[in-house]
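# Descriptive structure summary
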Amino acid sequence: MKKIWPLELPEPSVRTVSDMENVFAVRPSNKNPETPLYYMYRDLYRSHGDHAWLERHHLRYDITKIPSGIINGEYTKTKGHYHPCNKNGMPFPEVYEVLSGFAYYLLQKRDHTDVILVPAHEGNVVLIPPGYGHVTINPAKEDLIMANLVSTDFASEYGEINEMHGAAYYYMKKEGWVANEHYGKAIPMHVLLPSSLPELGLIDGRSLYDMVGTTDTLDVMNRPEDFMDVIGEFCADKKRF
């Protein structure tokens, strides 16, 4: 990953088959439970000054590698999680950038009223708005490598998606999108393209890491309520997503 990250990477956190077995369409009983499925390199920075800036702004920069693969007919994916609310009662957002490969970001409202599929190529940035859980799927033949910026003021909540045996949809090699029957009736899915949000400094082709140390509005990661005019317009204008 030297072309993606110029410094030595730390030891990653690893999600294995045993960590993920409850969220696949079919439990991967034919796989070694310790087989790695994806790798998370957390709290990265290129200089002590960058680290201090990230800490001061309560932010963390991560890289995740999701190798290409199929588990019992389903494409490799992340476990999926929701974000809790900040002290002002607004759920924390998150932002992703595809560094290499191709991704499906599957977003779903916590009240199960909306599902959004965002297909993203290298250089695309994808905002996870407040109130949406998310799963990332690698449907391609090459590894997916993505970065994210997220607040350090919360811990992701995996329980609900785990209890529902995954997100609202599975992406299968043979059948395509298959609704998760544990949600009851299928939730309508909207397919939307990623788009820049210059009001927040989020621009396709601009590295998320280039925002570190700048005066751009990364405060949205911790205080989304101050930016709901932008986020609300963004979510309402489905063509911009």
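Here's what I pulled together on the structure shown here. (Residues numbered from 1 in each chain as written. Predicted model: local features only at pLDDT ≥ 70, side-chain atom pairs only at ≥ 80, totals over all residues. Heavy atoms only, no water.)

### With respect to the sheet that holds strand 10 (residues 132-137)
One open sheet holds the 4 strands; their spatial order is 10-7-8-14, and the pairing between them is mixed. The open sheet is flanked by strand 10 and strand 14 (189-191), the only strands paired with a single partner. Sheet twist, expressed as the mean angle between neighbouring strand axes with direction ignored, is 25°. Taken together, the 3 bridges between strand 8 (residues 115-121) and strand 14 define a ladder with parallel strand orientation. Across the sheet, the residue bridging to Leu 117 is Val 191, located in strand 14. (Pairing = 2+ DSSP bridges. Helix = DSSP H or I, 4+ residues; strand = E, 2+ residues; numbered from the N terminus. Axes fitted to C-alpha atoms, helices over the stretch in contact; angles between N-to-C directions.)

### Some remarks on the packing of aromatic side chains
Tallied over the full model, the rule gives 10 aromatic pairs. Aromatic pair Trp 5 and Tyr 209: ring centres 5.5 Å apart, planes at 75°, arrangement edge-to-face. Linking Trp 5 in the segment before strand 1 (13-16) with Tyr 209 in the loop between strand 14 and helix 4 (228-236), this pair joins segments that are 204 residues apart in sequence. Tyr 209 matches Trp 5 in its accessibility class, with the two residues each being buried. Judged by centre distance (5.6 Å) and plane angle (50°), the ring pair of Tyr 104 and Trp 177 falls under tilted. Of this pair, Tyr 104 sits in strand 7 (residues 102-109) while Trp 177 is found in strand 13 (residues 176-179), placing the two residues 73 residues apart along the sequence. On the basis of relative accessibility, which here comes to 16%, the residue Tyr 104 falls in the buried class. Clustering of aromatic rings is evident, with ring pairs tying together Tyr 75, Phe 102, Tyr 104, Tyr 171 and Trp 177. (Phe/Tyr/Trp six-rings, centres within 6.5 Å; stacked < 30°, edge-to-face > 60°. Buried < 20%, exposed > 50% of the residue type's maximum accessible area, 1.4 Å probe, protein only.)

### Concerning the layout of surface pockets
In this structure, the largest pocket spans a volume of roughly 340 Å³. Taken together, 24 residues form the lining of the largest pocket, with Arg 42, His 81, Glu 94, Tyr 96 and Tyr 158 sitting closest to its centre. Residue assignment for the lining of the largest pocket shows that the elements contributing at least two residues are strand 2 (36-41), strand 3 (59-66), strand 6 (94-100), strand 10 and strand 11 (144-151). Considering only residue class, the lining of the largest pocket consists of 8 nonpolar, 10 polar and 6 charged. Its volume calculated, the second largest pocket comes out at about 160 Å³. Taken together, Lys 3, Ile 4, Arg 46, Tyr 61, Glu 97, Val 98, Leu 99, Glu 122, Gly 123, Ser 207, Tyr 209 and Asp 210 make up the full set of residues lining the second largest pocket. Looking at the lining of the second largest pocket, the element that brings in the most residues is strand 6, giving 3 residues. Of the residues belonging to the lining of the second largest pocket, the class tally is 5 nonpolar, 2 polar and 5 charged. (1 Å grid on protein atoms, 1.4 Å probe; cavity = no way out; pocket = protein on both sides within 12 Å on 5 of 7 lines; lining within 4 Å. Points joined across faces, edges and corners; volume = space filled by probe spheres on them. Nonpolar A, V, L, I, M, F, W, Y, C, P; charged D, E, K, R; others polar.)

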